[in-house]
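Take a look at the letters that make up each chain.
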Amino acid sequence: MTSLLIADDHPLFRAALRLAASDSLPGCEVREAADLPGVLAALATEPDTDLVLLDLHMPGSQGLSGLAALRGQHPGVAVLVVSAHDEPRIVRRVLDHGAAGFIPKSASPAEIGAAICSVLDCGTWLPPALADAVAALPADPADTDLASRLARLTEQQSRVLALLAEGLLNKQIADRLGIQERTVKAHVTAIFEKLRVRNRTQAGMLLKSLDLGEPARVG
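K.L.:
Just to check I follow, could you spell out the overall build of the chain for this structure?
P.N.:
Counting its secondary structure elements, the chain contains 11 helices and 5 strands. In terms of C-alpha radius of gyration, the chain reaches 17 Å, essentially the compact-globule figure of 17 Å for 219 residues. The principal-axis extent of the C-alpha atoms belonging to the chain is close to 50 × 35 × 30 Å. Here the chain holds 219 residues, and 48% of them are scored as buried. Within the chain, counting contacts between residues at least 6 apart in sequence, those at least 24 apart form 67% of the total. A total accessible area of about 10400 Å² is found for the chain, and carbon and sulfur atoms account for 55% of it. Side chains of the chain carry 21 positive and 26 negative charges; the gap between the two charge centres is 10 Å.

This is the structure we're talking about:
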């Protein structure tokens, strides 16, 4: 059975996505999460989830940080971004950071269903109105480089990095993940080496570049 996870903090929009998914894939299993911690917890429980429909702007996830966390911690799960951030340059960044496609929040149920089916069929999806504009944009070397650095992290290192970004100390991270503090220290050292930064401040600044600001409109 196909398994989908809808990640959006607006109940009405989650309901619209659920209806579109159910119409396009009768009998599929659809779960919901309203924030990034809920998304990660759901994927930890059901790691064989086929597809996540991810809002870029929700509690715990600002800009591309949620997408980066999902790609780092669950690289086998496809991600289809659904967002009011539909400027071509932002869509280009979404693709460069590993999303399989993009749906604007203004999309019709038919477009949402088509996007879901395309990605589940190992394809990609961009709305026709944006495809040419996005294709005309070159990848940003800074984004490509950052995505490459983040991809070098192990799943556990990605989890540690996310908690570092929240400002947690090593002991707090160890408690949160149920591991030894010395293990956290080893992960932090490896993270700094792979990201080519010297300390937490530099790592935080690197992640800050994933911010997008407020969407132009809210769906």
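K.L.:
How should the nonpolar core be read in this particular structure?
P.N.:
Note that soluble globular proteins tend to have their nonpolar side chains buried in a common cluster. By size, the foremost hydrophobic cluster in this structure holds 48 residues, and its most contacted members are Val 39, Leu 70 and Val 94. In this structure, Leu 70 is in contact with Leu 36, Val 39, Leu 40, Leu 43, Val 52, Leu 54, Pro 75 and Val 79, ignoring residues within four places of it in sequence. Ranked by size, the runner-up nonpolar core spans 21 residues in total, among them Leu 25, Leu 51, Ala 100 and Ile 112.

K.L.:
Help me understand the pairing of strand E4 (residues 78–83) in this model?
P.N.:
Remark: a regular strand shows side chains that alternate across the two faces of the sheet. The element E4 is largely enclosed, with a buried count of 5 among its 6 residues. In terms of strand pairing, strand E3 (residues 51–54) meets E4 through 4 bridges, oriented parallel. When the sheet's bridge partners are listed, Leu 54 is paired in E4 with Val 81. Regarding the hand of the β-α-β motif, the stretch spanning E3, helix H3 (residues 65–73) and E4 is right-handed.

K.L.:
For this particular structure, what's the right way to read the side chain of Arg 31?
P.N.:
Its location among the elements puts Arg 31 in strand E2 (residues 29–33). Here Arg 31 is buried and forms no salt bridge, its nearest opposite-charge partner Glu 29 lying at an N-O distance of 4.1 Å. A polar contact of 2.6 Å, which involves the side chain of Arg 31, links it to the side chain of Thr 49. For Arg 31, the residues in contact, after removing those within four places along its chain, are Ser 3, Leu 4, Leu 5, Ile 6, Arg 18, Ala 42, Glu 46 and Thr 49.

K.L.:
I'm lost on the sheet that holds E2 in this one. Help?
P.N.:
The sheet built from 5 strands is open, its strands ordered E2-E1-E3-E4-E5 with parallel pairing. Here the strands that pair on one side only, and so sit at the sheet edges, are E2 and strand E5 (101–104). Across the sheet, the axes of successive neighbouring strands diverge by a mean angle of 20°, strand direction being ignored. Taken strand by strand, helix H2 (residues 36–45) contacts strand E1 (3–7), E2 and E3, and its axis lies near 165° from that of E1.

K.L.:
Looking at this structure, I do not really get the pattern of salt bridges. What am I missing?
P.N.:
Two side chains of opposite charge can pair, provided their charged atoms sit close to one another. Under the criterion given, the structure shown has 12 salt bridges. For Arg 196, the salt bridge goes to Asp 145, with nearest N and O atoms at 3.2 Å. Within this pair, whereas Arg 196 is found in the loop between helix H10 (181–195) and helix H11 (200–208), its partner Asp 145 is found in helix H7 (residues 141–151), the two being separated by 51 residues in sequence. We classify Arg 196 as exposed; its relative accessible area is 52%. The partner of Asp 175 in a salt bridge is Lys 171, with the nearest N and O atoms 3.3 Å apart.

Cut-offs used in this document
Residues numbered from 1 in each chain as written. Predicted model: local features only at pLDDT ≥ 70, side-chain atom pairs only at ≥ 80, totals over all residues. Heavy atoms only, no water. Helix = DSSP H or I, 4+ residues; strand = E, 2+ residues; numbered from the N terminus. Rg over C-alpha atoms; globule rule 2.2 N^0.38 Å. Buried < 20%, exposed > 50% of the residue type's maximum accessible area, 1.4 Å probe, protein only. Contact = heavy atoms within 4.5 Å. Areas by Shrake-Rupley, 256 points an atom, 1.4 Å probe, with all protein chains shown as cover. Lys, Arg positive; Asp, Glu negative; His and termini not counted. Charge placed at Lys NZ, Arg CZ, Asp CG, Glu CD. Core = buried A, V, L, I, M, F, W, Y, C linked by side-chain atoms within 4.5 Å. Pairing = 2+ DSSP bridges. Right-handed = clockwise from strand over helix to strand, strands pointing away. Salt bridge = Lys/Arg side-chain N within 4 Å of Asp/Glu carboxyl O. Polar contact = N/O pair within 3.5 Å; in protein donor to acceptor, adjacent residues only side chain to side chain. Axes fitted to C-alpha atoms, helices over the stretch in contact; angles between N-to-C directions.

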